[in-house]
Structures are given as structure tokens and as C-alpha cells.
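Residue strings, one per chain:
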Amino acid sequence: MAFAASDELLGTFVPVAVYWVYSGIYVLLGDLENYRLHSKAEENAKNIVSKWTVVKGVLLQQAFQIAVSLLLFTVITVLLSHRRTHRTDRTDRSLCVQVIEDESGAARPQPSVPVIIVQFIVAMFVLDTWQYFMHRYMHVNKFLYKHVHSKHHTLVVPYAFGALYNHPLEGLLLDTVGGALAFLASGMTPRTGIFFFSFATVKTVDDHCGLWLPGNLLHVFFSNNSAYHDVHHQLYGSKYNFSQPFFVMWDKILGTYMPYSLERRKEGGFEARPIKLKS
């Protein structure tokens, strides 16, 4: 079955391209020792997988997610085709034409900017909620952590293109299912979804970039950032800062919030030092 370059397909492939382009920018920027949250030596000592292994792992997960999406599109297309055939048998020609136009999406209206903004906010809330509880459960459940989520934590020192270095099951549960729920709950169109999922991808990559760059607007607007998530990747923070990728509300509400202070290291760069909370 052939697929046109529909909004649904663009919503699947564009975020993948955005992932590699945005993470590639961080690679091109170089080591930037004065802005790193961990030294290069620390990265080499603590990360137990090679970068080539990470690239292959991310590509595998993305291929798996694309395959799942294409399967869903195929099922939906077949169902719509069956629905059109059924309606053709029971309605006159003019009504049939109207049904085909409606379901083909050719003249699908796009919402206004205020509506899109509301849809973004709703989708961000839903995605954050789903990912917080699934992410936290993968830490609580010893079997899931050992066999699934621990793969992501082999990168003790995160870097940009390792953001989606996950077990395929984790990618399916957190990203694919979470994204589908956010999309459906917000009521956004597939075209809006292209921008939302691309933005979520940029945010996820940025949270794992391992850098604290001056002028980063994502750090200005979101307290859930590279330093906040870096705390979670450390041994002392593995039971804290589960929230991702946008807000920190669930961590604060449910007592898993670990604040930090950003301190300069003598050898250059920064360190996110946890702040002990008063009991």
C-alpha cells in the first residue's frame, strides 16, 4: 500500500529528522568544556557503552516506532476504506462525495492560533503526566528497571544524541503511547502534531545534552532542563526528578523533587549539586 506525504506521515518522520539535526548541532559545537555538566574524562569513565552503540540503539528504536506508526496508518486506512464502501452502498452519489472529502482530509480546516496554543498546553500536560508515572514505575519495578529502563541509565553522563537510547519497549510505552494519548486528548490536527512532536523532540534532546549554555531559551522557560535531568541520571538522584520532558509539577506534588544549585567547577564547566530539603 502506497502512502502519500500526508500530515500523519510527516508527523512520524519529521521528528526523527529533527532529532538528528538538533543533536547534530550539539556534536558540531564540540566539547565546550566550559559549559559541560561533566568533564569529558568523567563521561569516558562512567558511560559503559560506546557512542556507536548508542547511535545504533537509537536508530533501532526509531525504526521500531516508525514501523508501529505505519502499521497503525495501514489499519486506519483500511477501516476508512471499508467505511466509505459501506456508505456508498447506502447513500446517493452526492452524499458519498461529501463523505470522501471529509475523510480524505483534503479540505481539513486548521484551528486558530489560540486554539493551537491551548492544544499544545493540554498535550504537554498529558504527555508529562503519562511519562512521569510510567518513568517512575520503571524505577520502582525491579524487573522493568533491570531488563528495560537500565539501558537508558548506562549513560550516566548524558549527551544529545543519546536522549532516545532506550529499550524498544520503553520507547513504545513512554513515547509512542504517551504521544498518542497527548495527541488524542488535546484534539490537535495531524498538522499541529508535526510541530508538537518536533518541539517535544527538541526538548528531550536538549534535556540530555549535558551542557548549560548561556542564552538557552529552553532553560529560561522550563525549569525541567539539562541540569534538572542530569541529577536524575546520577546515582544519588535515581529516585528523584522523574518528570519529563516539560514541567516539574509531578515531582513537586508527589515528593520526588530534588532541587539543585548550579556551581562552577575549578577545571571548567558546571556541576548540578543537589540541595538537601528540610524535612
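Residues numbered from 1 in each chain as written. Predicted model: local features only at pLDDT ≥ 70, side-chain atom pairs only at ≥ 80, totals over all residues. Heavy atoms only, no water.

Draft legend 1. Local environment of the overall build of the protein. In terms of helices and strands, the protein carries eleven helices and two strands. When the helices and strands of the protein are read in sequence order from the N terminus, they spell out α-α-α-α-α-α-α-α-α-α-α-β-β. For the protein, the residues scored as buried account for 44% of the 279 residues in total. Considering only intrachain contacts with a sequence separation of at least 6, the fraction spanning at least 24 residues in the protein is 67%. When the accessible surface of the protein is split by element, carbon and sulfur atoms take 67% of a total near 15000 Å². (Helix = DSSP H or I, 4+ residues; strand = E, 2+ residues; numbered from the N terminus. Buried < 20%, exposed > 50% of the residue type's maximum accessible area, 1.4 Å probe, protein only. Contact = heavy atoms within 4.5 Å. Areas by Shrake-Rupley, 256 points an atom, 1.4 Å probe, with all protein chains shown as cover.)

Draft legend 2. Representation of the pairing of strand 1 (residues 260–264) within the structure. In this sheet, strand 2 (residues 270–274) lies alongside strand 1 in antiparallel orientation, the contact comprising five bridges. Looking at the pairing, R264 lines up with F270 of strand 2. Taking the residues that link successive antiparallel strands as the turn, the strand 1-strand 2 hairpin has five residues, and the phi of G268 there is positive, at about 110°. (Pairing = 2+ DSSP bridges.)

Draft legend 3. How the structure looks around the pattern of salt bridges. Enumeration according to the criterion identifies nine salt bridges in this entry. When salt bridges with common partners are traced through the structure, they connect D31, R36, K40, E43 and K51 into a single cluster. (Salt bridge = Lys/Arg side-chain N within 4 Å of Asp/Glu carboxyl O.)

Draft legend 4. Local environment of the packing of aromatic side chains. Throughout the structure, instances matching the rule amount to 17 aromatic pairs. Look at F120 and F196: their rings are 5.4 Å apart centre to centre, the planes differ by 90°, and that puts the pair in the edge-to-face class. Of this pair, F120 sits in helix 5 (residues 113–140) while F196 is found in helix 8 (residues 190–207), placing the two residues 76 residues apart along the sequence. F120 sits in the buried class, given a relative accessible area of 18%. Judged by centre distance (6.5 Å) and plane angle (35°), the rings of F120 and F199 are tilted. With F120 in helix 5 and F199 in helix 8, this residue pair connects regions lying 79 residues apart in the sequence. (Phe/Tyr/Trp six-rings, centres within 6.5 Å; stacked < 30°, edge-to-face > 60°.)

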